[in-house]
Amino acid sequence: MRKLVGAMLVMLLMMAVLAGCSKEPTPQDRLAKYIALWNGQKFDQMYDYLSTNAKKKITKEEFTSRYQKIYKDLQITDLKIDFKKPKEDKQGEKEQAQYSFKASMNSLAGPIQFTHKANLKKEERADKKNWYIDWNTGYIFPKLQEGDKIGINTTAPKRGEILDRNEIGLAVNGQVYEVGVVAGKVTDQMLEPLSSLLKMSPDQIKKAISASWVKPELFVPLKRVSMEDEARIAQLIALEPVQTRKVEARIYPYGKAAAQLIGYVGAITADELEKLKDKGYTSSDMIGKRGLEQVYDEQLRGKPGVTITINKKNGGKEVLAEKPVEDGKAVKLTIDVDVQTAIYDQLGKEAGTGAAMNPVTGETLALVSTPSFDPNQAMLGFSAAEWKALQESKKQPLSTRFKQTFAPGSVMKAITAGIALENGAITPEQAVPIVGKKWQKDKSWGGYFVTRVHAGSAPVNLEKAFVFSDNIYFAQAALKTGKAAFADGLKKFGFEEELAFPFPLEKSTIGALDRDISLADTGYGQGQIQMSIVHLLSAYTPFINNGNMIKPILLTDEQQGQVWKEAVVSAEHAGVIAADLRKVVSDAAGTAHAADMKEYPLAGKTGTAEIKQKQGETGTENGWFIGYNTNSPNLMVAMMVENVQKRGGSQIPVKKVKKVFELVR
């Protein structure tokens, strides 16, 4: 009996297995598998599901490459094909079946969605019946028919302009001449004058006019030329094959005066495109290359408008997706173009930097670096010779000096005074006995001495130390403060801290204070201490704002009067230092007396930073001056001029800064 029951169970199991094996596939299951492959973009495997009639119309290679190309060109992402199997379905009993599915995806022109009907046929292949997709181009997009093509049209956005505080354009959208030739009219004799006028080599011109797309009667663009370059344009037009047309371009009205600050735009390079491809940049884009054009490129460039169409073979068009153009947003600066140009004009061909700010609001009014370069020509394209000359120039016109750090020299002394006063290392009235031009702490310094310019034997108090810019006094003040307290004081003034400023600046650093000599030298702005001119301006604001250090800002939508460092010195000590800085200018013996103006009382400090490897050798000198109006402190100007040795030292920037105040006050 048990054997009989066991045999029956085995038979039932075998019958169940056979029944399962003989079950025919359903059309909805086949469509579900096809759609799973589609969602995975496995186009080559999708082809195997196509009906015989569909395969007659398109090869596997054509099917796969067409999907791949369309999805790549349209930048299709987030593809989702959704098919819900019906609960009750008797279509499998017939030879044909039809189901609806939904498709959604994102493209470079925005979302694309559609609903479509899938037709399936039952076919016998290799003695087995199965369901196959009766595919046509409508499965890609419902309105796409044989012979139609996908079109992509883009509308370039207008680049946002860069404006000064009064909405005067520093980088604007304008026009230039695009100079080209009619290819078939260029002779060998014309290559030389064309090469000279366009600053292109003959080979570059030949390469352009022999490109694969060029035909003899076509205009071939060669170079863009400023509309202000009238003499060169006239010479070019005089050559028979030359033609010009006006095209949109970026214009920099203040040229060299703001080149390092504003920067320029240029064609995107392959390396730049690789870094920025995920942000929507394309190979035809113009992008910011330097300065604020680069810093704010994403905001300035805007977003191109894109329309994806199905271009019908009968001439009509169907819009698949459309994204409107978004013009770039303007960047409005606190810069005052009058102050900017005044500082630039005063610096002239000197190697140096100048900056200005409102010491109460923190608004940056000027950022200048000289010598400079022409951003208009940079945008149009430097010749190889011009670019080489800029790169190899000893004065480094491509450097942005206002972002760099330098040894501050004696402009550091106001900071040293503030730290020493706060720590009780000095008092304003205390007179320090100093004799002669040289001083050292003790014999452990060996042959090293701190030297001063004005030798004497009378004791020196804080006011006299400022007036005569006494290195020995401030070296001793730093030593009395002590390494740890002095370093802490410098950090309260923002040293060793990144300044949150829209234009990236180098961090001001303290350097080594490990030896007494290093500490003493740092006290009067030598040693290893380095600071940027923007930080210098900010570091002088406590002497105007009752001890609070104001944060520099560059954009008009930033909050004014932000306190970066609160109470770096007391209000009392700030007042003492401010009075002494006024004496530096007003006193006939003061180092900045050349900047004194009776009806416009300036306060300030000079500085001469020696750039040399060791004591006793001859090095170069950078001259500094920072000044502000004590009666109406809405403008503070700082300037550094390189290589002032044997030319007047710090008196060079003193006179130049005075002239700036005379021009813009």
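Keep in mind it's a predicted model, so treat the numbers as computed, not measured.

## Considerations on the overall build of the protein chain
Working step 1: Of regular secondary structure, the protein chain possesses 23 helices and 23 strands.
Working step 2: Relative to the globule expectation of 26 Å for 665 residues, the C-alpha radius of gyration of the protein chain, 38 Å, shows a markedly less compact shape.
Working step 3: When its C-alpha atoms are laid out on the principal axes, the protein chain stretches across 125 × 95 × 45 Å.
Working step 4: Buried positions account for 50% of the 665 residues belonging to the protein chain.
Working step 5: Contacts in the protein chain between residues at least 24 apart in sequence constitute 67% of all its contacts with a sequence separation of at least 6.
Working step 6: Accessible surface for the protein chain amounts to roughly 32700 Å². Of this, 49% is attributable to carbon and sulfur atoms.

## Quick word on helix H20 (residues 516-523)
Working step 1: Judged by how many residues are buried, H20 sits mostly within the fold: seven of eight residues are covered.
Working step 2: By the burial criterion, the buried members of H20 are Ile517, Ser518, Leu519, Ala520, Asp521, Thr522 and Gly523.
Working step 3: Close packing links the buried residues of H20 with helix H16 (413-422), strand S18 (450-451), helix H18 (471-481) and helix H19 (483-492).
Working step 4: Following H20 by one or two positions, Gly525 has its phi on the positive side, about 85°.

## With respect to the sheet that holds strand S5 (residues 149-155)
Within a beta sheet, neighbouring strands are joined by backbone hydrogen bonds and run either parallel or antiparallel to one another.
Working step 1: Pairing is antiparallel across the open sheet formed by three strands, whose spatial order is S5-S12-S13. The open sheet has two edge strands with one neighbour each: S5 and strand S13 (317-323). Adjacent strand axes in the sheet meet at a mean angle of 20°, parallel and antiparallel pairs treated alike.
Working step 2: Sheet topology places S5 next to strand S12 (residues 305-311); seven bridges connect them, and they run antiparallel. When the sheet's bridge partners are listed, Lys149 is paired in S12 with Asn311.

## Overview of the packing of aromatic side chains
Working step 1: Under the defined criterion, the tally for this structure stands at 23 aromatic pairs.
Working step 2: Aromatic rings pair up to connect Tyr34, Trp38, Phe43, Tyr47, Tyr49, Phe63, Tyr67, Tyr71, Phe101, Trp135 and Tyr139 into one cluster.
Working step 3: Lying over the aromatic face of Tyr132, Arg30 brings its terminal NZ or CZ to 5.0 Å of the ring centre.
Working step 4: Between the NZ or CZ atom of Arg125 and the centre of the ring of Tyr132, over which it lies, the distance is 3.6 Å.

## Quick notes on the nonpolar core
Working step 1: Formed by 128 residues in total, the largest nonpolar core has its most connected members in Ile262, Leu333 and Ile343.
Working step 2: The biggest single contributor to this core is H18, with seven residues.
Working step 3: In contact with Ile262, other than residues within four places in its own chain, are Ile162, Leu170, Ala171, Tyr252, Arg290, Gly291, Leu292, Glu293 and Leu333.

## A word on empty space enclosed by the protein
Working step 1: The final tally for this structure, using the stated rule, is three cavities of 30 Å³ or more.
Working step 2: Computed from the structure, the largest cavity encloses a volume of approximately 70 Å³.
Working step 3: Taken together, Gly494, Glu497, Glu498, Leu499, Leu505, Glu506, Lys507, Ser508, Ser532, His535 and Trp564 make up the full set of residues lining the largest cavity.
Working step 4: Looking at the lining of the largest cavity, its residues break down into three nonpolar, four polar and four charged.

## Quick notes on the pairing of strand S8 (residues 219-225)
Regular strands show a simple pattern: their side chains alternate between the two faces of the sheet.
Working step 1: Along S8, five of the seven residues are buried, which leaves the element largely enclosed by surrounding structure.
Working step 2: Where strand S7 (residues 169-182) lies against S8, six bridges are found, and the strand directions are antiparallel. When the bridges of S8 are listed, Val182 appears paired with Phe219.

## Regarding the side chain of Asn622
Working step 1: For Asn622, the location among the structural elements is in strand S22 (residues 620-629).
Working step 2: A relative accessible area of 7% places Asn622 in the buried class.
Working step 3: Among residues more than four places away in sequence, those in contact with Asn622 are Phe406, Gly607, Thr608, Ala609, Ile611, Met640, Val641, Glu642, Asn643 and Val644.

## Quick look at the pattern of salt bridges
Working step 1: What the rule picks out here adds up to 26 salt bridges.
Working step 2: The residue Glu293 makes a salt bridge to Arg159 at a minimum N-O spacing of 3.0 Å. Here Glu293 is found in helix H11 (residues 291-295), whereas its partner Arg159 is found in the loop between S5 and strand S6 (162-163), with 134 residues between them in sequence. Taken individually, Glu293 and Arg159 each receive the classification buried, so the pair is uniform in this respect.

## Observations regarding the layout of surface pockets
Working step 1: In this structure, the largest pocket encloses a volume near 1500 Å³.
Working step 2: Lining the largest pocket we find 38 residues, and of these Pro157, Asp285, Arg301, Gly302 and Pro304 sit closest to its centre.
Working step 3: The set of elements that each furnish at least two residues to the lining of the largest pocket consists of strand S9 (242-251), strand S11 (286-288) and helix H12 (297-301).
Working step 4: Across the lining of the largest pocket, the residue classes break down as 11 nonpolar, 10 polar and 17 charged.

## Section: the confidence of the model for the protein chain
Working step 1: Per-chain confidence: the protein chain averages 93 in pLDDT, with 95% of residues scoring 70 or above.
Working step 2: Contacts from residues 15-22, a stretch scored under 50 in pLDDT, to residues over four places away or in other chains number zero contacts.

## Comments concerning the environment of Val247
Working step 1: Looking at the secondary structure, you find Val247 in strand S9.
Working step 2: For Val247, a relative accessible area of 14% puts it in the buried group.
Working step 3: Through-space distance from the C-alpha of Val247 to that of Asn166 is 28 Å; in sequence the pair is 81 residues apart.
Working step 4: If near-sequence neighbours (up to four positions away) are discounted, Val247 is found in contact with Gly174, Gln175, Val176, Glu178 and Arg224.

## Describing the packing of H18 against H20
Working step 1: At a minimum axis distance of 7 Å, the contact between H18 and H20 shows a crossing angle of 125°. With respect to H20, the element H18 is oriented oblique. You can see that H18 and H20 cross each other, and the crossing is right-handed. Note on element contacts: H20 touches H18 through Asp516, Leu519, Ala520 and Gly523, opposite Phe474, Ala475, Ala478 and Leu479.
Working step 2: Looking at side-chain class alone, the contact of H18 with H20 contains six nonpolar, one polar and one charged residues.

## Digging into the side chain of Ser372
Working step 1: Within the secondary structure layout, Ser372 lies in the loop between strand S16 (364-370) and helix H14 (375-380).
Working step 2: A distance of 2.8 Å separates the side chain of Ser372 from the backbone oxygen of Lys256, its partner in a polar contact.
Working step 3: Here the side chain of Ser372 touches Gln260 through a polar contact of 3.2 Å, side chain to side chain.
Working step 4: Here Ser372 is in contact with Lys256, Ala259, Gln260, Tyr344 and Pro397, once residues within four sequence places are set aside.

## Remarks on the sheet that holds strand S2 (residues 96-107)
Working step 1: Here we have four strands laid out as an open sheet, ordered S1-S2-S3-S4, and antiparallel in their pairing. In the strand order of this sheet, the two ends are held by strand S1 (77-82) and strand S4 (128-133), each with one partner. For this sheet the average axis-to-axis angle between neighbouring strands, irrespective of direction, equals 25°.

The rules behind these values
Residues numbered from 1 in each chain as written. Predicted model: local features only at pLDDT ≥ 70, side-chain atom pairs only at ≥ 80, totals over all residues. Heavy atoms only, no water. Helix = DSSP H or I, 4+ residues; strand = E, 2+ residues; numbered from the N terminus. Rg over C-alpha atoms; globule rule 2.2 N^0.38 Å. Buried < 20%, exposed > 50% of the residue type's maximum accessible area, 1.4 Å probe, protein only. Contact = heavy atoms within 4.5 Å. Areas by Shrake-Rupley, 256 points an atom, 1.4 Å probe, with all protein chains shown as cover. Pairing = 2+ DSSP bridges. Axes fitted to C-alpha atoms, helices over the stretch in contact; angles between N-to-C directions. Phe/Tyr/Trp six-rings, centres within 6.5 Å; stacked < 30°, edge-to-face > 60°. Lys NZ or Arg CZ within 6 Å of the ring centre and 35° of its normal. Core = buried A, V, L, I, M, F, W, Y, C linked by side-chain atoms within 4.5 Å. 1 Å grid on protein atoms, 1.4 Å probe; cavity = no way out; pocket = protein on both sides within 12 Å on 5 of 7 lines; lining within 4 Å. Points joined across faces, edges and corners; volume = space filled by probe spheres on them. Nonpolar A, V, L, I, M, F, W, Y, C, P; charged D, E, K, R; others polar. Salt bridge = Lys/Arg side-chain N within 4 Å of Asp/Glu carboxyl O. pLDDT = per-residue confidence, 0-100. Parallel < 35°, antiparallel > 145°, perpendicular 65-115°, else oblique. Left-handed = near helix turned anticlockwise from the far one by under 90°. Polar contact = N/O pair within 3.5 Å; in protein donor to acceptor, adjacent residues only side chain to side chain.

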